[in-house]
Amino acid sequence: MNDFLNVLQSLQLPFALIPVLHFTGDQAIMKSFKNGRIMQGVAWFLSVVVIGINMFFVVEYVSKIPPNAGYYILIALVLLFYVTFLLFLVYLALGFTFLDIFKFLRRPEPIPYEIQEDTDDNTNSAMSPD
């Protein structure tokens, strides 16, 4: 059970890591705290190494499953879907546009981020007894 949980966690790691790398490199979100190009490059490289090592352990775990064609077909289909989705996440995170010819793969329009400030009128009117 411990090996299975380790494999499961290693499969979930990219879904947390890739968005964090994207957000920390986005000027609109991070402003002056945005990672520089060198830091982004190092972070992406290390992420690829860690995800690659995790995929190696997944393959090792799957190879220990008793031989059964049904299991291997199911695992191959799930891993194909998984890797395709990870590549799509990387495509979005790095800002590529070469797949924009397909309407369903286009990047959504960014929502402008505005800081809203409290006004005294709203807080005073909510506090005053009428």
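Quantities reported herein were computed from a predicted structural model and do not represent experimental measurements.

About the cut-offs
- Residues numbered from 1 in each chain as written.
- Predicted model: local features only at pLDDT ≥ 70, side-chain atom pairs only at ≥ 80, totals over all residues.
- Heavy atoms only, no water.
- Phe/Tyr/Trp six-rings, centres within 6.5 Å; stacked < 30°, edge-to-face > 60°.
- Helix = DSSP H or I, 4+ residues; strand = E, 2+ residues; numbered from the N terminus.
- Buried < 20%, exposed > 50% of the residue type's maximum accessible area, 1.4 Å probe, protein only.
- Axes fitted to C-alpha atoms, helices over the stretch in contact; angles between N-to-C directions.
- Parallel < 35°, antiparallel > 145°, perpendicular 65-115°, else oblique.
- Contact = heavy atoms within 4.5 Å.
- Nonpolar A, V, L, I, M, F, W, Y, C, P; charged D, E, K, R; others polar.
- Left-handed = near helix turned anticlockwise from the far one by under 90°.

> Sorry if this is basic, but what is going on with the packing of aromatic side chains here?
Under the criterion given, the structure shown has eight aromatic pairs. On the numbers, 6.5 Å between centres and 15 degrees between planes, the contact of Phe81 with Phe85 is stacked. With Phe81 and Phe85 both in helix α4 (residues 69-94) and four residues apart, this pair spans about one turn of that helix. Residue classification places Phe85 among the partly exposed residues on the basis of a relative accessible area of 35%. Here the aromatic rings of Tyr91 and Phe96 are separated by 6.4 Å at their centres, their planes lie at 35 degrees, and the arrangement is tilted. In this structure Tyr91 comes out as buried when scored by relative accessible area, which is 4%. Owing to a relative accessible area of 39%, Phe96 belongs among the partly exposed residues under this scheme. Three or more aromatic residues joined by ring pairs form one cluster here, namely Phe15, Phe81, Tyr82 and Phe85.

> Just checking my understanding: could you explain the packing of helix α1 (residues 2-24) against α4 for this structure?
Two packed helices can be described by the angle between their axes and the distance between those axes. Two elements in contact, α1 and α4, have axes whose closest approach is 9 Å; the angle formed by their N-to-C orientations is 10 degrees. Relative to α4, the element α1 lies roughly parallel. Contacts from Ser10, Leu11, Pro14, Phe15, Ile18 and His22 in α1 reach Tyr82, Phe85, Leu86, Leu89, Val90, Leu92 and Ala93 in α4. Taken together, the residues of the contact of α1 with α4 sort by class into eleven nonpolar, two polar and no charged.

> Explanation requested: the packing of α1 against helix α3 (residues 37-63) in the structure shown.
At their nearest, the axes of α1 and α3 sit 10 Å apart, and the two run at 160 degrees to each other. One way to sum up the angle between α1 and α3 is to call them roughly antiparallel. For α1 against α3, the interelement crossing comes out left-handed. Facing Asp3, Phe4, Val7, Ser10, Leu11, Leu13, Pro14, Leu17, Ile18, Leu21 and Thr24 of α1, the residues of α3 in contact are Gln40, Ala43, Trp44, Ser47, Val50, Ile51, Asn54, Met55, Phe57, Val58 and Tyr61. Of the residues assigned to the contact of α1 with α3, the class counts are 16 nonpolar, five polar and one charged.

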